[in-house]
Amino acid sequence: MNRNIIKLPDAELEYYPQFYSAQKSEAMLKYLLSLREWKQEEIKLFGRKLMQPRLTALFGNTGKTYTYSGLEMNPSPFTLELDQLRKNCEKVANINFNTCLANLYRNGSDSIGWHSDNEKELGENPVIASLSFGAERIFHLKHKKNTTLKHKIYLESGSLLLMKGDTQHFWKHQLPKTKKKVEPRVNLTFRKIY
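Fair warning: this is a prediction, and the values are worked out from it, not measured in the lab.

Novice: Just give me the short version of the sheet that holds strand 13 (residues 150–155), but keep the residues and values in it.
Specialist: In spatial order, the strands read 10-15-12-13; together these 4 strands make up an open sheet with antiparallel pairing. Only two strands of the sheet have a single neighbouring strand rather than two, namely strand 10 (112–115) and strand 13. Taken pair by pair, the neighbouring strands of this sheet meet at an average axis angle of 15°, ignoring direction. As defined by bridge partners, strand 10 adjoins strand 15 (residues 171–175) across 2 bridges and the pair is classed as antiparallel.

Laid out in structure tokens, this is it:
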């Protein structure tokens, strides 16, 4: 399996560009787009309420809720397919994940702004396994203290990005809007809620 270590200060990032084959990725995207759990939720950002510019769904095997930006999400049970993806990510990440926050970016207008996955329920040094299926999008990173430190990763369909160690303490990330015509992309972020 092809693994790229992304060397950035105060971060532990591993990128697996072909974690799944093109054929498997295409089948997975079709399956994920068919899920009924997708919703557009309202969040609080800088004191304002607004609709997220993407669809989300939460899956888990513990029944634990997940809260961010004033939104509390209740998990649906893992499907057999999602559970298999989870187990494959666990083998590489060497951690047991119990939750998956799924994001559906319908087109280039869908995005997620700068943030860190640093909620208390994720523990001190969260490990996030981020699987991408569908359109390739650019993932931006920027250091919280040294603003000259920036990095971009082209997330291919079927790829896995692992963020671990101190990454969430020192770095923010985003998936910006794009004016390019892009097909849908589903991003599955497996994590452990304590």
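Read on for the rest.
Novice: Explain the pattern of salt bridges residue by residue, including any values.
Specialist: Scanning the entire structure with this criterion turns up 7 salt bridges. As a salt-bridge pair, Lys 164 and Glu 14 come within 2.8 Å of each other at their nearest N and O atoms. Remark: Glu 14 occurs in strand 2 (residues 12–16) and Lys 164 occurs in strand 14 (residues 160–164); sequence separation between them is 150 residues. Exposure remark for Lys 164: the relative accessible area of 17% places this residue in the buried category. Across the pair Lys 87 and Asp 83 runs a salt bridge, and its minimum N-O distance is 3.4 Å. With Lys 87 and Asp 83 both in helix 2 (residues 80–93), this residue pair falls 4 residues apart, about one helical turn. Classification of Asp 83 as buried rests on a relative accessible area of 18%.

Novice: Break down the side chain of Glu 41 for me, with residues and values.
Specialist: The topology assignment puts Glu 41 in the loop between helix 1 (22–33) and strand 3 (42–45). Of the side chains bearing the opposite charge, Lys 39 lies closest to the buried Glu 41, which forms no salt bridge; the N-O distance is 4.2 Å. Discounting chain neighbours no more than four positions away, the residues touching Glu 41 are Leu 50, Met 51, Gln 52, Thr 56 and Leu 71.

Novice: Pulling in residues and values, what's your account of the nonpolar core?
Specialist: Membership of the largest hydrophobic core comes to 31 residues, with the highest contact counts inside it found for Leu 32, Leu 85, Leu 131, Phe 133, Leu 188 and Phe 190. Among the elements of the structure, helix 1, strand 5 (55–60), helix 2, strand 9 (99–105), strand 11 (128–134), strand 14 and strand 16 (185–191) are those that each provide at least two residues to this core. Excluding its chain neighbours within four sequence positions, the residues that come into contact with Phe 133 are Tyr 20, Ser 25, Met 28, Leu 29, Leu 32, Leu 85, Ser 157, Gly 158, Pro 184, Arg 185, Val 186 and Leu 188. Counting 22 residues, the second-largest nonpolar core is a separate cluster that includes Ala 11, Leu 101, Ile 128 and Met 163.

Cut-off values and rules
Sequence order sets the numbering: in each chain, residues are counted from 1 along the sequence as written. At least 70 in pLDDT is required for a residue's local features to be given in this predicted model, at least 80 for side-chain atom pairs to be given and counted, and no such filter applies to totals for whole chains, interfaces and linings, which use all residues. Side-chain figures throughout are based on the complete set of non-hydrogen atoms in the structure, without hydrogens or water. Two strands are said to pair when DSSP picks up at least two bridges between them. In this text, helices come from DSSP runs of H or I with a minimum length of four residues, and strands from runs of E with a minimum of two, each type numbered from the N-terminal end. Think of each axis as a best-fit line through the C-alpha atoms, taken over the contacting stretch in the case of a helix, with angles from 0 to 180 degrees between the N-to-C directions. Here, a salt bridge means any Lys or Arg side-chain nitrogen found within 4 Å of an Asp or Glu carboxyl oxygen. When accessible area is computed with a 1.4 Å probe and restricted to protein chains, residues below 20% of their type maximum are described as buried, those above 50% as exposed, and intermediate ones as partly exposed. Lys and Arg are tallied as positive, Asp and Glu as negative. Neither His nor the chain termini are counted. We call two residues in contact whenever any of their non-hydrogen atoms come within 4.5 Å of each other. We define the nonpolar core as a collection of buried residues of types Ala, Val, Leu, Ile, Met, Phe, Trp, Tyr and Cys that are connected through side-chain atoms lying within 4.5 Å of one another.

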